[in-house]
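# Coordinates in review
Here's the letter readout for the chains.
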Amino acid sequence: MKSLEELKKLREKLQSDTKLRAADGIKVIVGMGTCGIAAGAREVMAALMEEVKKRGLAGVVFQQTGCIGMCEKEVLVDIILPGAPRITYGNVRPSDAGRLVAEHVINGQIVKDLVVAKSV
Amino acid sequence: MQFIRAHVLVCGGTGCMSSGSRQVQAGLEDEIARRGLDNEVKVVQTGCHGFCEMGPLMIIYPEGVFYVSVKAEDVPEIVETHLYKGRIIERLLYREPLSQKSIPSYDEINFYKKQRRIILSNCGHINPDEINEYIAAGGYEALGKALTLMTPAAVTEEVKKSGLRGRGGAGFPTGMKWQFARQSPGEKKYVVCNADEGDPGAFMDRSVLEGDPHRVIEGMIICGYAIGADEGYIYVRAEYPLAIKRLRTAIAQAEEMGFLGKDVFGSGFNFALHIKEGAGAFVCGEETALLQSIEGRRGMPRPRPPFPAVSGLWGKPTNINNVETFANIASIIVDGAEKYAEIGTEKSKGTKVFALTGKINNTGLAEVPMGITMREIIYDIGGGIVDGKKFKAVQIGGPSGGCLPEDMLDLTIDYDSLTAAGAMMGSGGLVVMDETTCMVDVAKFFLTFTQSESCGKCTPCREGTKRMLEILTRITNGEGREGDIALLEDLARGIKQTALCGLGQTAPNPVLSTLKYFRHEYEAHIKDHVCPAGACSNLTGYTITDDCRGCGMCKKVCPVGAIAGEIKERHVIKHKVCIKCGACEGKCPFKAIRKGA
Amino acid sequence: MDNDMVNVTIDGRKVSVHKSASVLNAANKAGAKVPTLCYHPELRPEGACRVCVVEVEGSRTLVASCVYPVSEGMIVRTNTDAVRHARRSVVELMLANHPPDCLVCVRNKNCELQKVAAELGLREIRFDGEKKKHPLDANNPSLVRDNEKCILCGRCVRVCSERQGVHVYSFTRRGFGTVVSPAFDAGLDEAACTYCGQCSVVCPTAAITEKDDAEAVWKAISDPTKHVIIQTAPSVRVALGETQGLAPGAIVTGKMVAALRRMGFDKVFDTNFSADLTIMEEGSEFIHRLKNGGKLPMVTSCSPGWVNLAEMFYPDLLEHLSTAKSPQQMFGAVAKTYYAEKSGIDPKNIVSVSAMPCTAKKAEAVRPQMRSSGYQDVDIVITTRELGRMIKEAGIDFAQIEEEEFDAPMGIGSGAGAIFGATGGVMEAALRTAYELLTGEELKNLDFNDVRGLKGLKEASVNIAGVEVKVAVVNTLGEARQMMERVRAKEAPYHFIEIMACPGGCISGGGQPAPVDGEIRMKRQASIYEIDRCSAVRKSHENPAVKTLYAEWLGQPLGEKAHKLLHTHYHAQHRGI
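Being a predicted model, the structure only gives us computed values, none of them experimental. (Residues numbered from 1 in each chain as written. Chains lettered and ligands numbered in written order. Predicted model: local features only at pLDDT ≥ 70, side-chain atom pairs only at ≥ 80, totals over all residues.)

## Structural notes on the overall build of chain B
- Counting its secondary structure elements, chain B contains 23 helices and 20 strands.
- Its C-alpha atoms give chain B a radius of gyration of 27 Å, near enough to 25 Å, the size a compact globule of 597 residues would have.
- Across its three principal axes, chain B shows a C-alpha extent of roughly 90 × 65 × 40 Å.
- By the burial criterion, 59% of the 597 residues in chain B qualify as buried. (Helix = DSSP H or I, 4+ residues; strand = E, 2+ residues; numbered from the N terminus. Rg over C-alpha atoms; globule rule 2.2 N^0.38 Å. Buried ≥ 20, exposed ≤ 12 C-beta atoms within 10 Å, placed from the backbone.)

## Considering the overall build of chain A
- The helix and strand tally for chain A stands at four helices and five strands.
- N-terminal to C-terminal, the α/β element order of chain A is α-β-α-α-β-β-β-α-β.
- Within chain A, the fraction of its 120 residues that count as buried is 32%.
- For chain A, long-range pairs separated by at least 24 residues make up 69% of all intrachain contacts whose partners lie at least 6 apart in sequence. (Contact = placed C-beta atoms within 7 Å.)

## Comments concerning the interface of chain C and chain B
- Counting residues at the interface gives 28 residues for chain C, matched by 27 residues for chain B.
- Top contributing element to the side of chain C that touches chain B by residue count: helix 2 (residues 81-96) of chain C, with six residues.
- Its residues assigned to classes, the side of chain C that touches chain B comprises 16 nonpolar, eight polar and four charged. (Nonpolar A, V, L, I, M, F, W, Y, C, P; charged D, E, K, R; others polar.)

## Considering the sheet that holds strand 13 (residues 350-356) of chain C
All names here are of chain C.
- Reading across the sheet, the four strands line up as 11-10-13-14 and stay open at both edges, with parallel pairing between neighbours. Taken across any chain shown, the strands that pair with only one partner, and hence form the sheet edges, are strand 11 (267-270) and strand 14 (380-383). The sheet shows a mean angle of 25° between the axes of neighbouring strands, taken without regard to direction.
- Pairing between strand 10 (residues 227-232) and strand 11: four bridges, direction parallel. What sits directly across from I230, in strand 11, is V268.
- Running over the sheet, helix 11 (residues 327-343) touches strand 10 and strand 13 and is turned about 155° from strand 13. (Pairing = 2+ DSSP bridges. Axes fitted to C-alpha atoms, helices over the stretch in contact; angles between N-to-C directions.)

## Things to note about the packing of helix 7 (residues 152-162) of chain B against helix 10 (residues 213-227) of chain B
All names here are of chain B.
- With their axes 7 Å apart at the nearest point, helix 7 and helix 10 run at an angle of 120° to one another. Relative to helix 10, helix 7 is oriented oblique. Crossing of helix 7 over helix 10 shows left-handed handedness. Where helix 7 approaches helix 10, its residues P152, V155 and T156 are matched on the opposing element by I222, Y225 and A226.
- Of the residues belonging to the contact of helix 7 with helix 10, the class tally is five nonpolar, one polar and no charged. (Parallel < 35°, antiparallel > 145°, perpendicular 65-115°, else oblique. Left-handed = near helix turned anticlockwise from the far one by under 90°.)

## Focus: unusual backbone geometry
All names here are of chain B.
- A cis amide bond links G55 with the next residue in sequence, P56, at an omega value of -5°.
- Looking along the chain, the bond that leaves P305 and enters P306 is cis, with omega of 0°.
- Secondary-structure assignment places P306 in the loop between helix 12 (287-294) and strand 11 (318-322).
- Phi at S69 takes a positive value of approximately 45°, unusual for a residue other than glycine.
- Along the chain, S69 falls in the loop between strand 4 (65-67) and helix 3 (75-84).

## Some points on the sheet that holds strand 3 (residues 53-56) of chain C
Residue and element names in this part refer to chain C.
- Strand order in the open sheet formed by five strands is 2-1-5-3-4, and the pairing between neighbours is mixed. Edge strands, defined here as strands with exactly one partner in the open sheet, are strand 2 (13-18) and strand 4 (63-64).
- Sheet topology note: the strand 3/strand 4 ladder contains two bridges and is antiparallel. Residue pairing across strands places V54 opposite V63, the latter belonging to strand 4.

## Describing the interface of chain A and chain B
- Between chain A and chain B, the residue contacts involve 25 residues of the former and 28 residues of the latter.
- At the level of secondary structure, the elements contributing two or more residues to the side of chain A that touches chain B comprise helix 1 (4-18), helix 3 (41-54) and strand 2 (60-65) of chain A.
- For the side of chain A that touches chain B, the element with the highest residue contribution is helix 1 of chain A, accounting for eight residues.

## Section: the pairing of strand 14 (residues 391-396) of chain B
Residues and elements named next belong to chain B.
- Of all six residues making up strand 14, six are buried, and the element is well covered by its neighbours.
- Note that strand 14 and strand 16 (residues 429-434) share five bridges and pair antiparallel. Of the residues in strand 16, the one forming a bridge with V394 is V432.
- Of the strand pairs in this sheet, strand 14 and strand 15 (residues 402-405) are connected by four bridges, and their pairing is antiparallel. Paired with A393 across the bridge in strand 15 is P405.

## Here we look at the confidence of the model for chain B
- Summarising the model, chain B shows a mean pLDDT of 93, and 100% of its residues fall at 70 or more.
- Taken together, the chains of this predicted complex give a pTM of 0.90 and an interface ipTM of 0.93. (pLDDT = per-residue confidence, 0-100.)

Here you go:
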């Protein structure tokens, strides 16, 4: 270790590994109730994760949640950008992952045709 | 594809390991792999959270859910319900002892909420075997800053300005100590870390070493730079095998990354660090005895002056601080002395870690700002007294400390207020006692400890504590003599005045403080042959309370005629006659007879 | 102005002392007598016993004056209520854990603990609790350790490590159980102890004492079938007076001889006689080695503490040791052969006693090699201290007694024999004889001043018959070890080395009266050289009795008979860990 600059660079690189322990990132929440799983929630989550990874995005946190009573609209996915309302998408399929990540997670544009709800 | 979306932090501190965290972790790794989640979920072993009583502990991120008392059998459910389906497992959450409310998040628990974790901030949250996690948490920035942007004098000045005082016991200003070592002439100097934690019940140093070893190492390297030392020793007791293992790993990693070794941060500064394992003598926590021990001699204190800053390890100028003191350095350097000094009281800055034990609901490590009251620690953080019993005293500062009574609960905790009250900050042991604790017995307990741990070098400590212990023993056996209290006081004052080292000089404190605040208990033992707390088995007298209706049943059943009283009047037990058989207690229809006075 | 001096106020009196002084030094200078126990003027101060506490203004507690350094403007009070009370308490605590058998203790009236307790006016011991229990360590011929009398001052630990370099003792265990002992609680017979006895000299109480053999002597004397003879070592006569209340270094040769006769010894002889004999043999051996390419440097072997050290620590270097027996053992061998023959006494009825300055001599006498007369050559060894006690037991008024002369022939010794008692003496005696034997010329100046004095290591070079003979003289085992390390590393450029186990040589041997300090040692040393100076014969080879012995009976030095009776061999000892 030869300079403070070198240390700072290393730290920034390393922080991507521990970032999910901080509570300040973009949240992607996938409905993982029995209904969700039956509708393919695992596959949707896997596709979303792959998309995030492919684009090298740091600080995107994945969480799961249970059934919220809209079983017919599963798979349900919530995306929360810091400071923005919670957007719930319905009938999400693995093939929608690219759009959700590119348009909403990266550009902050809601993917209107999939939205089922918006809440604070 | 690997995308880590969740971290499961399993506590790998000594406490949790002994309650089974290794099995939990192994089971977890197997189960995660079995469910095909090993590309998404990472298991991280951390150091101690300081809440060992509730162990094994587990935190799952990103939710930050805190599970307690996790068993290996719980693992499949954790993987299925939490990691796969994202649902919190209610029954594994911590419940507040008073409200019985279950709390999912670490930060919401009262035990943690009132704490101010600086020293312990990484403990339980990073993997101590992974230097990268320490760096990611901001580690070694202080070292970089000190070495590249500050002069040794400026570093020393910063530590002085912070108001940091030694966390090992006596509370000597750390910056002053550094300055003495800095100004002491000599080419070769040493930095020594005192990790010979030995107070009964205290384990904060162990937790820091196990949970965040780099923080201590970083503090030591900075100290080396400040005083002009190129070599350091960590003197850690051999009874801390896990701490030693993690320290070895940490030193190797720091060497590999160039935080230790030659030309650190390109500054031309060199520093080498060694570990010296102690053989378990309490007195080796005394700095001069510790140095003797590193040198390979029997750990016996040597007279001061000369102080280690002038003539320390192998006769060279040496700065010795304890683990917790070194753990403070990085935040002082990074955030600046002024920010650091915002915490605490006028003369005691920063935080202090206490080891809460005894008759208290939440036992564990509590890092609190100086100036907090005893009441806040015991009731807010500690969750109050077990079984709703009445608080009686808190013993603070270990064998050198003292017992403070209920009316001192609102005492703000800092070095000076504690010393003035007859206790001591010490290493921060905090033993809470309830009404069933006998204060003479408590004094005896600590004297037994200091007597058996006395190095035997000086007469007052070796012989004097023995005689004090004998007197205390006879008092608790019901054989106390008229004049014993005066004799105890005379001995105690003599030992304080004449013993060679701090261990001896403070050994009488538990007796003096209990005599100060609980003298009546001593008197009751000696004069009335009664242990008011009902703890001393030879003196567990029975008493008849106001509920007595004077039925006379007890009088009839007493085999030795120890009960007197007229019918329909309150009866009394003659303690000197009573043989403590307990027959009366069982016979009384009004539950008016109870143990103790 | 000397800026190495600082001004200190002691009890209101100003004194100026060197900045390296302790408060104790300063107090002494100011005329304040501060009691001490663990402190010893010749050992590193420890501050362990806490008897010497004083008040230093500004200090939170009382301080141990023996270890507390002075500083400019320091104000000290040595006599306040707090100080007196604290000192009394400390001694009271010691006594509470000490056997109350002063009246029957061997150190009665000569015990530092007793003295301090008396001076502090201690009148009561308020503690009647447990006392420590330890078995006696008495399985060796030289020393007895009674740990129940030990006050843990650590002087023995320090003298054995700092001065003697042997490190037999250390503190073990903790708290009330703390004890001084060799590693693993071994007895001294199992530990690497040389029996030098320096520990018994510095011990303030009776925790370490010489093994008392007085009773065996009395028994022999009172046995009419026994012919009891005694030899007295050169250094006994300059120290014995101290046991009888005379001034340190008083020369009491004649009184001692008289006292021994009154005690009932049949003959009173002098070890100076056999010291001369030792020079004849050892000197000849040295010349032989020098001329014939023998093992050099040759090292003297008359100090049995040193011989033990060599056998335990330098078994690879034993060939360097002179094979000549010590004067005590030469005397013993000759007494039960030559003297027995000449006086017509059956050697089995001779009880040969020696009075020695040394505890290791007791062990030397029982070495299996020391039976060349067919019997144990020396039967009983008593130290100066035991002799002093026996004189008192016998009711002899030592101060008044008329001086008497040693018996002939073994009471005749030279000045060269006399100086064996001081470090350098053996070397000087040997050089006097070697010079004359090698050159055939008379030595003009008999005083080899380079080898005299109390320094740990002295070196000299003497031209003898064209050979530059380099010699070294070493005293204390600590210095001996340093020298032998050099010998082992082949970095000791000497022909001849004298080694004495004790500081200053036999004059402060392990069996000599306590206390000893530099001043007392110097007085005893001066007396030794005074005896030499006043001797008619000052060279061993001119001792008429020795000449007769060789002419009549022994033949030549290193001859067959001499070899059998007067030489010995050494073997490695495996003790300690």
